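Close look at the chain arrangement
Next come the chains, spelled out residue by residue.
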Amino acid sequence: MLDQIKTDIDAVMHRDPAAKTRLEAALCYPGLHAIWLHRLAHKLYLKGWVLIPRLLNTFSRFLTGIDIHPGATLGPGLFIDHGMGLVIGETAELGSNVTLYQGVTLGAKSFPLDEQGNPIKGIPRHPILEDEVIVYSNATILGRITIGRGAIIGGNIWVTESVAPGMRIVQRKE
């Protein structure tokens, strides 16, 4: 657990020039607080607990403005910069050294329904972000798609189809 905390702080120190000390990062970065609360909630979620992980998620969202479902899988070295309004859905999977900025949504595109018209639970419906992906402010990535290793998703972009490794998706200049 301590190694994971060190890795998380390292991510801040390596990717944010405004971070001056490790203590400052640990105490003053809401992205770190959200990640740490999520890691605890996720461990409990994987053991089949429901209420306590969701309560931790609610507390984290209240504290940080960042909403990470306890079912989401976060790789090491995740860096959430600012983070307010960021949402990561239940079945999202993030690789190593992913960077996310405020307002990013990793959500579902649709909710398949059963014969009674109820959402089918437990099926993968959120994006997969491979290692070293960067997603800038207010980007929305929807559905069970893959954003390939090293891809960059620009700000204010809607993505509903997979993106190849190393690709850069940005708004067109007109």
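What comes next is a walk through the structure. This is a predicted model, so every value here is computed, not measured. (Residues numbered from 1 in each chain as written. Predicted model: local features only at pLDDT ≥ 70, side-chain atom pairs only at ≥ 80, totals over all residues. Heavy atoms only, no water.)

1. Some words on the sheet that holds strand S4 (residues 87-88)
Using the following cut-off: Here, any two strands with at least 2 DSSP bridges between them count as paired. Strands here mean DSSP runs of E at least two residues long; helices mean DSSP runs of H or I at least four residues long; both are numbered from the N terminus.
Read across the open sheet, the 5 strands follow the order S1-S4-S7-S10-S13; overall the sheet is parallel. Edge positions in the sheet fall to strand S1 (67-68) and strand S13 (158-159), since each of these pairs with one other strand and no more. In the sheet, strand S7 (residues 105-107) pairs with strand S10 (residues 140-142) via 3 bridges, with the strands oriented parallel. Residue Thr-105 lies in a different strand from S10, and its bridge partner there is Thr-140.

2. Some points on the environment of Gly-31
What counts, and what does not: Partly exposed residues are those whose accessible area sits between 20% and 50% of the maximum for their type, while under 20% is buried and over 50% is exposed, using a 1.4 Å probe and protein chains only. Note on contacts: a residue pair is in contact if any heavy atoms of the two residues lie within 4.5 Å.
Residue position: Gly-31 is located in helix H3 (residues 30-46). Accessibility expressed as a relative area gives 2% for Gly-31, which makes it buried. Spatially, the C-alpha atoms of Gly-31 and Glu-93 are 17 Å apart, while their sequence positions differ by 62 residues. Ignoring anything within four residues of it in the chain, the contact list for Gly-31 reads Ile-66 and Ile-80.

3. Observations concerning unusual backbone geometry
With phi around 65°, His-82 is a residue other than glycine that occupies positive phi space. Within the secondary structure, His-82 is located in the loop between strand S3 (79-81) and S4. Residue His-82 is classed as exposed on the basis of its relative accessible area, which comes to 53%. Phi is positive for Asn-97, close to 60°, though the residue is something other than glycine. By the element assignment, Asn-97 lies in the loop between strand S5 (93-94) and strand S6 (99-101).

4. Some words on the environment of Leu-2
Looking at where Leu-2 falls in the secondary structure, it is placed in helix H1 (residues 2-15). Looking at Leu-2, the relative accessible area reads 68%, which means it is exposed. On a C-alpha basis, the gap between Leu-2 and Gly-77 in space is 13 Å, while along the polypeptide they are 75 residues apart.

5. Things to note about the packing of aromatic side chains
Under the convention used in this document: Pairing of aromatic rings covers Phe, Tyr and Trp, the last counted by its six-membered ring, and requires centre-to-centre distances within 6.5 Å; plane angles under 30 degrees mean stacked, over 60 mean edge-to-face, and any other angle means tilted.
Counted by the stated rule, this structure contains 1 aromatic pair. Between Tyr-101 and Tyr-136, the aromatic rings sit 5.0 Å apart at their centres with planes inclined by 10°, giving stacked as the arrangement. Here Tyr-136 lies in the loop between strand S9 (134-135) and S10 and Tyr-101 lies in strand S6, a separation of 35 residues in the sequence. With a relative accessible area of 17%, Tyr-101 lands in the buried category.

6. A closer look at helix H4 (residues 51-64)
Here is the rule we go by: By this rule, a helix spans an expected 1.5 Å times one less than how many residues it contains. Note: the arc covers the axis-to-C-beta directions of the helix.
Taking 1.5 Å as the rise per residue, H4 with 14 residues should run 20 Å; its terminal C-alpha atoms sit 20 Å apart, in good agreement. Here H4 has its buried residues at Pro-53, Leu-56, Asn-57, Ser-60 and Thr-64. Relative to the axis of H4, the buried residues are bounded by an arc of 100° and lie together on one face. Those residues of H4 that are exposed and aimed more than 90 degrees away from the buried face are Leu-51 and Phe-62. Summarising the contacts, the buried residues of H4 are in contact with H3 and S1. Where H4 terminates, the next one or two residues include Gly-65, which has phi positive at roughly 80°.

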